[in-house]
Amino acid sequence: MLTQLRRIVQDVNSAANLNEALCLVTQQVKEAINTQSSSIYLVDNHRAEYVLMAADGLNPDAVGTVRLKMSQGLVGLVGQREEPINIENSQIHPNFFPEPRVKEENYKAFLGVPIIHRRNIQGVFVVQEEQERRYDEEEEAFLVTLCAQLSGVIAHAKATGIVEGITAITEKVAAKDIATFAGIPSASGVGMGQAVVIYPQADLDAVPDRKADNIAAEKSLFNEALQATREDIKALAERLRQTLPEDELSLFDVYLKILDNNNLGFEVMAEIDNGHWAQGALRMVIERHAQHFAAMEDDYLRERITDVKDLGRRVLAYLQQNQQANITYAENTILVGDDISAAHLAEVPEGYLSGIISGKGSSNSHVAILARALGIPTVMGVQDLSLTKVEDQHIIVDGYYGHIYVNPTKQLQREFSKLAREEQELDADLQELRDKPAQTTDEYGIDLYVNMGLAIDASLAMSVGAGGVGLYRSEVSFMARDRFPTEAEQYVIYRQLLAAFSPRPVAIRTLDIGGDKILPYFPMDEDNPYLGWRGIRVTLDHPDLFLVQIRAMLRASEGFNNLGVLFPMISSISELEEAQHLLQRAYHEVVDEGANIEKPKVGIMLEVPSAVWQAQAIAQRVDFVSVGSNDLTQYILAVDRNNARVSELYDSLHPAVLHALQHAVDSIHKENKCISICGEMASDPVAVVLLLAMGFDSLSINSSSLLRVKWVIRQFSMKHAKELLEEVMTYDNPASIRFRLEQALDEAGLGGLIRAGKR
Ligand code: PEP
Ligand code: MG
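Quick look at the overall build of the protein now. Looking only at helices and strands, one finds 29 helices and 22 strands in the protein. Reported as C-alpha extents along the three principal axes, the dimensions of the protein are approximately 85 × 70 × 50 Å. Expressed as a percentage of contacts within the protein between residues at least 6 apart in sequence, the contacts between residues at least 24 apart total 66%. Taking the 70 positively charged and 106 negatively charged side chains of the protein as two groups, their mean positions are separated by 3 Å.

Structure (structure tokens):
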């Protein structure tokens, strides 16, 4: 069964389109469980109906035409119950609904299995036969396993509109021009512009269709890539000559044959002649070969599919070296990709970026955090967007609600432009708060600092009147390079930063990599990266990197003395002491070398639950503490902050997080030390009221949110904030806490911020 299952899934993946795949699946399932009829009904979401999409053993004319209401027949019952229904004689079942066009009146045995993707019913798989019998457990388990595997493919195909025939013809015409997608709202605002797709390097499946601008140039690029790949394969064979037996080495001759001008080369050239660009032509040819191999009965030959794809990827890598480097960014670029990273943002020319859409990640991924800092509307975790189809299309990114509109109508464009204008007006009005204190109506003050990572943040931070930098993510400048920056290079970066804010304090965090922050030149491949080698754990293992960085920071502070050093991911006292020891060593070194500097303030990021429960012991050893609520939330709730699938469970207003924060504030204050919070929660207007009441001494937030946060603080009294805190601390779930706080903001005349707060 497992082999059959694998075979079916492989065929689905290599089918030209979903309709063809569904036909194949029904045929193969009928064969595999030796039954008389096998069919698939998919849900048409527009009409709330099931459509018979493929059938083997029913009337072929019914395919694509027969529709059932969601509650109709046994198919409807399977969907409603969301579980398999396996019955000996369907004809006597009260829900039996004989649809004459289907011609199923002779079938008695019925097994229907729901196809469910992320809690949503996508369709129902049905097998039937004339004999009165129950399908056995193995047959049922087979179909359930198959449906679980098919569900993602089907959901994707439906969402991207690449499955024909679900939507009625009339609706298709109306919906032809506009497609909507949903993801996780990750940076508020409205972005409108042209899609520029970043597709993963050397991923054949992600190569978009594109016309060749210049056929001769595409051919010559392809030739170069093919030649370079052949050289690589020859070199590889040469290297392995000593270790591999002769017959294994002959495989490399086969590879070289495939890469010959007469084989792969010839076919790709023909596709380029048909007008395709080299990368697209290569993808088509490799897909064709892969399908050919997949259809082979012989296991050994079928496995050769991997080799063909690998060769294709190698050629593609060379092609992309030359072609991806030349991305042309539109003046209002909407950056779209399966996995957009901070480095991708950095490559877009300044002022050109209007929106970001990423297939992977969630609102707490680092790229989303940077996007918020830059005020770029962003939607993450958009699972069903087909990259190859949106290239160059006009797109609206609604960063408030996480919606994306491809090819929007004129009217929709007008509505969103109006919304964007209103937001700009609000920001302009808030400018008058720039030089006013962040102080409650009963005159309780709190410091507002900014989070920074990119150099271009500095002017933004200045324009909103930040009181200093509460968190400088030093790793961002490491990410935009192809090697570790030297001490001299780091010195320049930190010196500019400290000078720009002097005499205001600047907390520079030591390198915090791991999790979703990977340096291209320092591979870290871990099964469980958020619980693995991260933050201080990496730098303590690499005193070479750590000492260079600290020395650069210390030297850069000469004459300003406004430096704070922040250690990330501290989970035990011993880690803190080791880090302090290294800091001490670096300090003495640079002083001995002649630098005239004061000792910097030392702090830790409080972002691991163990540190919360040792907060007082930590406070005895440091000058200040800054809560990293992004990580603290992920670790308290056991929710990977980067995983779109569980993003709905991630909520910093969870009572468990709020109680941990209050405990941290009280413990740090017992030692008369200052506590700040620099996670994204501090930029959420709704949460700000609570943080104020808890007693945080400062908030460190995105520059683009600073004035909005100041507005909230100036509208509330400490007395009212404390009453609200006391009240919500008795609540059991985050949704009611958010609801209560939104209500309070609304009452305080800050309703306009509630939409903005939904990032
Ligand atoms: C945090 O974890 O809250 C934090 C500020 O650090 P980062 O988001 O960079 O992990
Ligand atoms: Mg963190």
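Next comes the rest of the description.
Attention shifts here to the coordination of the magnesium ion (ligand 2). The magnesium ion (ligand 2) binds to the protein through Glu 607 (OE) and Asp 631 (OD), with metal-donor distances spanning 2.0 to 2.2 Å. Here Glu 607 is found in the loop between β19 (601-606) and α21 (609-612), whereas its partner Asp 631 is found in helix α23 (residues 629-637), with 24 residues between them in sequence.

Looking now at the domain arrangement of the protein. Its domain assignment divides the protein into domain 1 (2-172), domain 2 (177-199 + 325-425), domain 3 (204-322) and domain 4 (434-758). The distance between the C-alpha centroids of domain 3 and domain 4 comes to 48 Å.

With that settled, the discussion passes to the packing of helix α25 (residues 685-694) against helix α28 (residues 734-747). Where α25 meets α28, the closest approach of the two axes is 9 Å, and the angle between their N-to-C directions is 90°. When the axes of α25 and α28 are compared, the pair comes out roughly perpendicular. Residues Pro 685, Val 686, Val 689 and Leu 690 of α25 form the contact with α28, whose participating residues are Ile 737, Arg 738, Leu 741, Glu 742 and Leu 745. Residues that form the contact of α25 with α28 fall into these classes: 7 nonpolar, no polar and 2 charged.

Turning next to the pairing of β19. Burial within β19 is extensive, with 5 of its 6 residues counted as buried. Pairing of strand β18 (residues 563-567) with β19, which is carried by 4 bridges, proceeds in the parallel orientation. Across the sheet, residue Phe 567 finds its bridge partner in β19, namely Ile 604. In this fold, β18 hands off to helix α20 (residues 573-592), which returns the chain to β19; that crossover is right-handed. In the sheet, β19 pairs with strand β20 (residues 624-627) via 4 bridges, with the strands oriented parallel.

Looking along a regular strand, one sees side chains alternate from face to face of the sheet. Sheet analysis places strand β7 (residues 179-182) next to strand β14 (residues 403-406), joined by 4 bridges and oriented antiparallel. Each bridged residue has a counterpart across the sheet, and for Thr 180 the counterpart in β14 is Tyr 405. Taken together, the 4 bridges between strand β13 (residues 394-398) and β14 define a ladder with antiparallel strand orientation. From the neighbouring strand, Ile 396 faces β14, where its bridge partner is Tyr 405.

Under the counting rule described, the total for this entry stands at 37 salt bridges. Where Lys 69 meets Glu 49, a salt bridge forms, and the shortest distance between an N and an O atom there is 2.8 Å. In this pair, Lys 69 sits in strand β3 (residues 67-69) while Glu 49 sits in strand β2 (residues 49-56), placing the two residues 20 residues apart along the sequence. Residue class for Lys 69 comes out partly exposed when judged on its relative accessible area of 45%. For Glu 49, a relative accessible area of 8% translates into the label buried. For Asp 273, the salt bridge goes to Lys 219, with nearest N and O atoms at 2.9 Å. You can see Asp 273 sitting in helix α8 (residues 261-273) and its partner Lys 219 sitting in helix α6 (residues 215-240), a full 54 residues away along the chain. Take Asp 273: its relative accessible area is 46%, and that puts it in the partly exposed class. Taken together, the shared-partner salt bridges in this structure form one network comprising Asp 44, Arg 47, Glu 49, Arg 67 and Lys 69.

This next bit is on the confidence of the model for the protein. Considering every residue of the protein, the mean pLDDT works out to 89; 92% of them sit at 70 or more. Contacts for the low-pLDDT stretch residues 168-176, under 50 throughout, to residues beyond four places or in other chains number 9 contacts.

Within the open sheet, the 6 strands sit side by side as β3-β2-β1-β6-β5-β4. Their pairing is antiparallel. Of all the strands in the sheet, just β3 and β4 (85-87) have a single pairing partner and so form its edges. Pairs of neighbouring strands in the sheet enclose a mean axial angle of 20°, with direction left out of account. By the bridge criterion, 6 bridges tie strand β1 (residues 37-44) to strand β6 (residues 120-129) in an arrangement that is antiparallel. Note on β6: the bridge partner recorded for Tyr 41 is Val 124. Sheet strands touched by helix α3 (residues 73-81): β1, β2, β3, β4, β5 (109-117) and β6. Its angle to β5, the strand with the most contacts, is close to 45°.

With that out of the way, let us pick up the sheet that holds strand β12 (residues 378-380). An order of β7-β14-β13-β9-β10-β11-β12-β8 is seen for the 8 strands of this open sheet, with the pairing classed as mixed. Only two strands of the sheet have a single neighbouring strand rather than two, namely β7 and β8 (184-187). Ignoring strand direction, the axes of neighbouring strands in this sheet form an average angle of 30°. Summarising the sheet, strand β9 (residues 190-198) and β13 pair through 5 bridges and their orientation is antiparallel. When the sheet's bridge partners are listed, Val 190 is paired in β13 with Asp 398.

What follows deals with the nonpolar core. Side chains that are nonpolar tend, in soluble globular proteins, to be buried together. Counting residues in hydrophobic clusters, the biggest one holds 127 residues, and the most contacted among them are Phe 567, Leu 661, Phe 696 and Leu 699. Ranked by residues supplied to this core, first place goes to α25 with 9 residues. Two domains each provide a minimum of three residues to this core, namely domain 2 (177-199 + 325-425) and domain 4 (434-758). Ignoring anything within four residues of it in the chain, the contact list for Leu 661 reads Val 627, Leu 632, Ile 677, Met 681, Leu 691, Met 694 and Phe 696. Within the second largest apolar cluster, 49 residues are counted, among which are Val 207, Ala 225, Ile 233 and Ile 395.

Residue position: Lys 673 is located in the loop between α24 (655-670) and β21 (674-677). It is 9.5 Å that separates the C-alpha atoms of Lys 673 and Asp 697, two residues lying 24 residues apart in sequence. The contacts of Lys 673, once residues within four sequence positions are left out, are Ala 619, Gln 620, Val 622, Asp 623, Ile 668 and Asp 697. A distance of 2.7 Å separates a polar side-chain atom of Lys 673 from the backbone oxygen of Ala 619.

Turning to the environment of Leu 460, a few remarks are in order. As for its position among the elements, Leu 460 is in helix α15 (residues 457-463). Judged by relative accessible area, Leu 460 falls into the partly exposed class, the value being 31%. In the structure, Leu 460 is positioned 247 residues away from Asp 213 in sequence and 40 Å away in space, judged by C-alpha atoms. Those residues within four positions of Leu 460 in sequence are excluded, and the remaining contacts are Ala 373 and Ser 703.

Conventions and cut-offs
Residues numbered from 1 in each chain as written. Chains lettered and ligands numbered in written order. Predicted model: local features only at pLDDT ≥ 70, side-chain atom pairs only at ≥ 80, totals over all residues. Heavy atoms only, no water. Helix = DSSP H or I, 4+ residues; strand = E, 2+ residues; numbered from the N terminus. Contact = heavy atoms within 4.5 Å. Lys, Arg positive; Asp, Glu negative; His and termini not counted. Charge placed at Lys NZ, Arg CZ, Asp CG, Glu CD. Donors = N, O, S within 2.8 Å, 3.2 Å for Na, K, Ca; no water. Domains from an automatic or database assignment. Axes fitted to C-alpha atoms, helices over the stretch in contact; angles between N-to-C directions. Parallel < 35°, antiparallel > 145°, perpendicular 65-115°, else oblique. Nonpolar A, V, L, I, M, F, W, Y, C, P; charged D, E, K, R; others polar. Buried < 20%, exposed > 50% of the residue type's maximum accessible area, 1.4 Å probe, protein only. Pairing = 2+ DSSP bridges. Right-handed = clockwise from strand over helix to strand, strands pointing away. Salt bridge = Lys/Arg side-chain N within 4 Å of Asp/Glu carboxyl O. pLDDT = per-residue confidence, 0-100. Core = buried A, V, L, I, M, F, W, Y, C linked by side-chain atoms within 4.5 Å. Polar contact = N/O pair within 3.5 Å; in protein donor to acceptor, adjacent residues only side chain to side chain.

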